[in-house]
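An overview of the molecular structure
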Amino acid sequence: MHELSIAQSLVSLVERQLPEGVTRVTAVDMRLGALAGVVRGALEFCYGIATDGTPLQGSTLRIVELPVVIHCPECQADRTLEGVTFRCPVCGTLSGDLRQGRELDLASIEYDEPEVASA
Amino acid sequence: MTTTPRVLEIRQKVLSKNDELARGLRDRLHAHGVFTLNFVSSPGTGKTRLLEETLGRLVARGVKPAALVGDLATDNDAQRLMRSGVPVRQITTAGRCHLEAEMIATHLEGWDLGQFDILFIENVGNLVCPSSYDLGEDLRVVMLSVTEGEDKPLKYPSLFNSADLAVITKLDLAEACETDMAAMHQNLQAIRPGIRVFETSAKTGAGMDEWIAFLVEQQRIRPAAPEATAE
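Residues numbered from 1 in each chain as written. Chains lettered and ligands numbered in written order. Predicted model: local features only at pLDDT ≥ 70, side-chain atom pairs only at ≥ 80, totals over all residues. Heavy atoms only, no water.

1. Some points on the sheet that holds strand 4 (residues 88-92) of chain B
Residues and elements named next belong to chain B. What the seven strands build is an open sheet, ordered 4-3-5-2-6-7-8; its pairing is parallel. Both edges of this open sheet fall to strand 4 and strand 8 (196-199), since each of them pairs with a single strand only. Direction aside, neighbouring strands of the sheet carry axes that sit 20° apart on average. The pairing of strand 6 (residues 139-145) with strand 7 (residues 165-169) spans five bridges and is parallel. Bridge pairing in strand 7 places Val142 opposite Ala166. (Pairing = 2+ DSSP bridges. Helix = DSSP H or I, 4+ residues; strand = E, 2+ residues; numbered from the N terminus. Axes fitted to C-alpha atoms, helices over the stretch in contact; angles between N-to-C directions.)

Listed below in structure tokens is the structure:
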């Protein structure tokens, strides 16, 4: 299980990107590819531990899961895989031309910005 | 204190710090003409055994290898590899299930990279976690023994799909295990279409000549083209 490492990397990445003066992050949006090698439930569990005592504490982790997409050289089209094998679901051709599925990305964050008057 | 909710688009890889470190490592290794391989497999596939045999054969051919060996708790594998007389360092991860670029950078300190032609990194035996971490290698080599079952690639697609090359080990046991080699090859191609596959037995030496010839050839052509790392 390396989801705790991933969650810790996520927290430090958010902390590095946080605008000055911001002390509370309310939500984090992630994109997670099916081939990222990360288990969603484990990551969500570890997120609570990794955010403890940071500006992300208590924030919501929102994960968009992305299926594997390959480019089929026969169909000349991008195809979403239906099973585990890298076979075009339309014509059956094997293709290693991966177009989506490895994402382990931080997309955006939501935070409370102190109002100018109180900053 | 009143607050206004704000949204900030970031669009960065969660492991961007590791990736940056890995890119730096790759550039540094290339600058010294070192060709680097990252060996990944389940525990017990025979990474160390194949590496022992590989190191000895490379030295006999005048190639200068070195190895970094990841392990959760012991330095048994490094001890084994050191018998070949090749520079070997142990990376003990203290329970961590994978190697990260930072561990590689730390363990290369003090080594004169100009003295090496090939660097082998033996990852922690694990078919899940190492897939996310670039270590600065030129090739990620997934290893699979004939005793593990033909469908292993289907069970661990993330890692098998991330590999550049596959090495099947313990070929001498294929008959006893009734391994369906054709199915194993088919499954590898189904998860990583076009992947080059070597069949080896470090015990009998079967397939070793082809494997060694490949390494020698790659070592000759790879680091000579530093612009290949530009992407």
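2. Some words on the pattern of salt bridges
Evaluated as defined, the whole model comprises 21 salt bridges over all chains. Between Arg40 of chain A and Glu65 of chain A there is a salt bridge whose closest N-O contact spans 2.8 Å. With Arg40 of chain A in helix 2 (residues 40-51) and Glu65 of chain A in strand 2 (residues 60-66), this pair connects stretches of sequence that are 25 residues apart. The partner of Glu52 of chain B in a salt bridge is Arg49 of chain B, and the shortest N-O contact between them spans 3.9 Å. On the criterion of helical spacing, the pair formed by Glu52 of chain B and Arg49 of chain B is a turn pair, its members being three residues apart in helix 2 (residues 47-60). Residue classification places Glu52 of chain B among the partly exposed residues on the basis of a relative accessible area of 21%. If you follow the salt bridges from partner to partner, you end up with Arg49, Glu52, Glu53, Arg57, Arg80 and Asp209 of chain B in one network. (Salt bridge = Lys/Arg side-chain N within 4 Å of Asp/Glu carboxyl O. Buried < 20%, exposed > 50% of the residue type's maximum accessible area, 1.4 Å probe, protein only.)

3. Considering the sheet that holds strand 4 (residues 77-80) of chain A
Residue and element names in this part refer to chain A. In spatial order, the strands read 4-3-5; together these three strands make up an open sheet with antiparallel pairing. Unpaired on one side and paired on the other, strand 4 and strand 5 (98-100) mark the two borders of the sheet. Here the average twist between neighbouring strands, direction ignored, is 40°. Pairing of strand 3 (residues 69-72) with strand 4, which is carried by four bridges, proceeds in the antiparallel orientation.

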